[in-house]
Amino acid sequence: MRIAVAADEDTGVAGVVVAQLRERGHEPLVHGALAAGERADWALASEAAARDVADGRAEQAVVCCWTGTGASIAANKVAGIRAALCGDAETAAGARRWNDANVLALSLRTTSEAVLSEILDAWFAAGPSPDDDDRANVAHLDEID
């Protein structure tokens, strides 16, 4: 799977995300501090990764900043993106299941390598819920202005 990855700093687990995605057989498309010549601002980098998903260049994205909050806000401004800030595996699984999240947001400050592995395991193991109510909620997101 092609996965866009953005970070505003090459610190914490930023590079580890790319390495773990490659180890899992995915093709990372890097942005921000992870890409030579790109601006590393969290808003610009996260938007670039989210646009990769929205425009079909990537199937999912992982966006990172110091807290993860700014990265998730920037990604969610792009139409069709459902970014979820996840600090643990259960939140990541729920975001995929109930919210059909297509962008994972992470904190560079609080995410350890061990927790990152657990989050990625849960993220990739879970899929969108087949429940009609869950699907209706996700569909409603496109109706919100």
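Residues numbered from 1 in each chain as written. Predicted model: local features only at pLDDT ≥ 70, side-chain atom pairs only at ≥ 80, totals over all residues. Heavy atoms only, no water.

The topology assignment puts Leu21 in helix H1 (residues 14–23). The exposure class of Leu21 is buried, given its relative accessible area of 0%. With sequence-adjacent residues up to four places away left out, Leu21 is seen in contact with Ile3, Val5, His26, Pro28, Val62, Leu120 and Phe124. (Helix = DSSP H or I, 4+ residues; strand = E, 2+ residues; numbered from the N terminus. Buried < 20%, exposed > 50% of the residue type's maximum accessible area, 1.4 Å probe, protein only. Contact = heavy atoms within 4.5 Å.)

Looking at the secondary structure, you find His26 in the loop between H1 and strand E2 (27–32). His26 has contacts with Met1, Ile3, Leu21 and Phe124, leaving out every residue within four places of it along the chain.

Turning our attention to the pattern of salt bridges. Per the stated rule, a full pass over the model turns up eight salt bridges. Asp121 is the partner of Arg24 in a salt bridge, and the nearest nitrogen-oxygen pair spans 2.9 Å. Of this pair, Arg24 sits in the loop between H1 and E2 while Asp121 sits in helix H5 (residues 113–125), and the two are 97 residues apart along the sequence. Residue classification places Arg24 among the partly exposed residues on the basis of a relative accessible area of 31%. Where Asp41 meets Arg39, a salt bridge forms, and the shortest distance between an N and an O atom there is 2.8 Å. On the basis of relative accessibility, which here comes to 34%, the residue Asp41 falls in the partly exposed class. Take Arg39: its relative accessible area is 57%, and that puts it in the exposed class. Salt bridges here are not isolated pairs; linked through shared partners, they connect Asp52, Asp55 and Arg57. (Salt bridge = Lys/Arg side-chain N within 4 Å of Asp/Glu carboxyl O.)

Let us now look at the nonpolar core. With 27 residues, the main nonpolar core has Val17, Val62, Leu104 and Leu106 as its most contacted residues. Among the elements of the structure, strand E1 (2–7), H1, strand E3 (60–65), helix H4 (89–99), strand E5 (103–107) and H5 are those that each provide at least two residues to this core. Beyond its immediate sequence surroundings of up to four residues, Leu104 is in contact with Ala61, Val62, Val63, Ala84, Cys86, Ile119, Leu120 and Trp123. Judged by nonpolar contacts, the second largest core, of 17 residues, contains Ala58, Val63, Ile81 and Val103. (Core = buried A, V, L, I, M, F, W, Y, C linked by side-chain atoms within 4.5 Å.)

Here the focus is the sheet that holds E5. What holds strands together in a sheet is hydrogen bonding between their backbones, with the strands either parallel or antiparallel. Here five strands make up an open sheet; going across it, the order is E2-E1-E3-E5-E4 and the pairing parallel. Every other strand in the sheet has two partners, leaving E2 and strand E4 (83–85) as the edge strands with one partner each. The sheet shows a mean angle of 20 degrees between the axes of neighbouring strands, direction not considered. In this fold H1 packs onto E1, E2, E3 and E5, with an angle of close to 170 degrees to the strand it touches most, E1. (Pairing = 2+ DSSP bridges. Axes fitted to C-alpha atoms, helices over the stretch in contact; angles between N-to-C directions.)

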